[in-house]
Amino acid sequence: MSPAVLVVRTDPRDWDSSRSMLELPGLIDPHVHLREPGGTHKEDFGTGTIAALAGGFTAVLAMPNTQPPLTDLANLELARSAARTKARCDYGLFLGAGEGNIAAASELAPRVCGLKVYMDHTYGPLRMQSLPALIEHFTNWPGSRPIACHAEGHSLAVVLTLAHLFDRRVHICHVSLAVEIDLIRRAKERGTQVTCEVTPHHLYLSDSDLPSLGTGRSEVRPRLASAGDVAALWESLDVIDCFATDHAPHTLQEKNGDKPPPGYPGLETALGLMLSAVHEGRLSMDDLVLRMHTNPQHIFNLPPQPNTRIEVDQDHVWEVRGVEFHSRSGWSPFEGMKLRGRVRRVHLRGQLVYEDGQALAPPGYGRDLIFTSVPA
Ligand SMILES: [Zn+2]
């Protein structure tokens, strides 16, 4: 895979001609929760995709742990019809793996960006507990797009074994532990078809941040890990294929409530966090583009988005304030943090769709990247 070409140029419209605009390809986030159907007080395809554009993402892949979950054609079409009328950036939908949809999954495969398997507890009703059903999914799933797995600890070992035995492509979501990234490295070295993603919050936050975040706000799956685990992730960049936000919005009221649900919003802070890492010399710009554009596109076999690019003021230092987010969540685990690099403009398929805090694309401008024909 060749790194994307970067063009640094001075923008004639900028008030300060000495400030350079960084031009990058549209970012692709392979892991977001847009909460529709069933949780639109937290987010929907409209607010979530405006948040995506504000963060420099021109495509997002939406997870299926909605209410109802996206495990059959009817529920997929429920989500798709909402996306079709509301989305401002391009998208794909994941199909959720259940014990009752093994036969249907391969028929639905051409409509989705991948099969999502939940091996461990998280928000929502989907969890795969039957080993025979899991094996059947691995046996039947068509090979063109990966099986994306929430698989922590022991579950990761199970998934890597099945990927190897059944010669299936797996994509491991939100890796957070040293032992996990080490297992994935070893699996790659043995030729297992495995790719993985790490979230910015698992690269920037550790369990030492729990007291300052507070009980409810710190809830996330996988949980924040030790400083040693965080260091191991940074030392394993060569194993990490994608930076994915796992944008998982809940309202502040829910996070501060009696039963705080797990999840952080992430679409509007991811690029600033990773550009800050570039500024600090922890990451190269090519490293960033590879993991936030090139690899997600390749792994999920997404079509190119022609005439699509983002313009970023890489010198702009800004303070995270959740209340200013386009996301309905209205809070951030990075509240008050100063980040470097802000998205000024987003061009998607030849249209200026976002400029300086304003979404310019009409609702429904976003396209399904996988399945474009009108359903029967
Ligand atoms: Zn998730």
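Residues numbered from 1 in each chain as written. Predicted model: local features only at pLDDT ≥ 70, side-chain atom pairs only at ≥ 80, totals over all residues. Heavy atoms only, no water.

*Asks:* Break down the overall build of the chain for me, with residues and values.
*Replies:* Across its full length, the chain carries twelve helices and 14 strands. Computed over the C-alpha atoms, the radius of gyration of the chain is 19 Å, within 12% of the 21 Å expected from 2.2 N^0.38 for a compact globule of 376 residues. Taking contacts inside the chain between residues at least 6 apart in sequence as the whole, the part at least 24 apart equals 74%. Roughly 14600 Å² of accessible area belongs to the chain as shown, and the carbon and sulfur atoms make up 51% of that amount. For the chain, the centre of its 36 positive side-chain charges and the centre of its 44 negative side-chain charges are spaced 3 Å apart. (Helix = DSSP H or I, 4+ residues; strand = E, 2+ residues; numbered from the N terminus. Rg over C-alpha atoms; globule rule 2.2 N^0.38 Å. Contact = heavy atoms within 4.5 Å. Areas by Shrake-Rupley, 256 points an atom, 1.4 Å probe, with all protein chains shown as cover. Lys, Arg positive; Asp, Glu negative; His and termini not counted. Charge placed at Lys NZ, Arg CZ, Asp CG, Glu CD.)

*Asks:* I'd like a rundown of the packing of aromatic side chains, residues and numbers included.
*Replies:* In this structure the tally under the stated criterion is four aromatic pairs. Their ring planes at 80° and their centres at 6.0 Å tell us that tyrosine 204 and tryptophan 234 sit as a pair that is edge-to-face. Of this pair, tyrosine 204 sits in helix H7 (residues 200–204) while tryptophan 234 sits in helix H9 (residues 227–235), placing them 30 residues apart in sequence. Assigned by exposure class, tyrosine 204 and tryptophan 234 land together as buried. Judged by centre distance (5.8 Å) and plane angle (85°), the rings of tyrosine 264 and tryptophan 331 are edge-to-face. You can see tyrosine 264 sitting in the loop between helix H10 (252–255) and helix H11 (270–279) and its partner tryptophan 331 sitting in the loop between strand S11 (309–319) and strand S12 (338–348), a full 67 residues away along the chain. (Phe/Tyr/Trp six-rings, centres within 6.5 Å; stacked < 30°, edge-to-face > 60°. Buried < 20%, exposed > 50% of the residue type's maximum accessible area, 1.4 Å probe, protein only.)

*Asks:* Please set out the coordination of the zinc ion residue by residue, giving values where relevant.
*Replies:* Within the protein, His31 (NE2), His33 (NE2) and Asp246 (OD) serve as the donor atoms for the zinc ion, at 2.1 to 2.2 Å. In the primary structure, the donors to the zinc ion are separated according to the pattern H-x1-H-x212-D. For the pair histidine 31 and histidine 33, a shared accessibility class is recorded, and that class is buried. (Donors = N, O, S within 2.8 Å, 3.2 Å for Na, K, Ca; no water.)

*Asks:* Quick rundown of helix H2 (residues 73–86)? Include the residues and the values.
*Replies:* The end-to-end C-alpha distance of H2 is 20 Å, a good match for the 20 Å that 14 residues give at a rise of 1.5 Å each. Buried within H2 are the following residues: Asn75, Leu76, Glu77, Ala79, Arg80, Ala82 and Ala83. Packed against the buried residues of H2 are helix H1 (45–54), strand S5 (90–96) and helix H3 (102–108). (Expected span 1.5 Å × (residues − 1).)

*Asks:* Describe the packing of helix H4 (residues 131–140) against helix H5 (residues 154–166), with residues and values.
*Replies:* Packing of H4 against H5 brings their axes to within 10 Å, and their N-to-C directions diverge by 40°. The pairing of H4 with H5 is recorded here as oblique in orientation. Here H4 and H5 pass one another in a crossing that is right-handed. Residues Leu134, Ile135, Phe138 and Thr139 of H4 pack against Val158, Val159, Leu162, Ala163 and Phe166 of H5. A breakdown of the residues in the contact of H4 with H5 according to their chemical character gives eight nonpolar, one polar and no charged. (Axes fitted to C-alpha atoms, helices over the stretch in contact; angles between N-to-C directions. Parallel < 35°, antiparallel > 145°, perpendicular 65-115°, else oblique. Left-handed = near helix turned anticlockwise from the far one by under 90°. Nonpolar A, V, L, I, M, F, W, Y, C, P; charged D, E, K, R; others polar.)

*Asks:* Outline the pattern of salt bridges, listing residues and values.
*Replies:* Per the stated rule, a full pass over the model turns up 21 salt bridges. Glutamate 219 serves as the salt-bridge partner of arginine 221, at 2.8 Å between the closest nitrogen and oxygen. Across this residue pair, the class does not change: arginine 221 and glutamate 219 are buried. Glutamate 319 is the partner of lysine 338 in a salt bridge, and the nearest nitrogen-oxygen pair spans 3.6 Å. With a gap of 19 residues between them, lysine 338 in strand S12 and glutamate 319 in strand S11 connect regions that are remote in the sequence. Residue classification places lysine 338 among the exposed positions, given a relative accessible area of 57%. Judged by its relative accessible area of 30%, glutamate 319 is partly exposed. (Salt bridge = Lys/Arg side-chain N within 4 Å of Asp/Glu carboxyl O.)

*Asks:* Describe the pairing of S12, listing the residues and the values that go with them.
*Replies:* For S12, the tally of buried residues reaches eight of eleven residues, placing the bulk of the element in the interior. Judged from the eight bridges that link them, S11 and S12 form a sheet pairing that is antiparallel. The residue bridging tryptophan 318 from the neighbouring strand is leucine 339, located in S12. For S12 and strand S13 (residues 351–355), the ladder comprises four bridges, and the chain directions are antiparallel. Bridge pairing in S13 places arginine 345 opposite glutamate 355. In this structure, the hairpin formed by S12 and S13 is closed by a connection of two residues, where arginine 349 is found at a positive phi of approximately 50°. (Pairing = 2+ DSSP bridges.)

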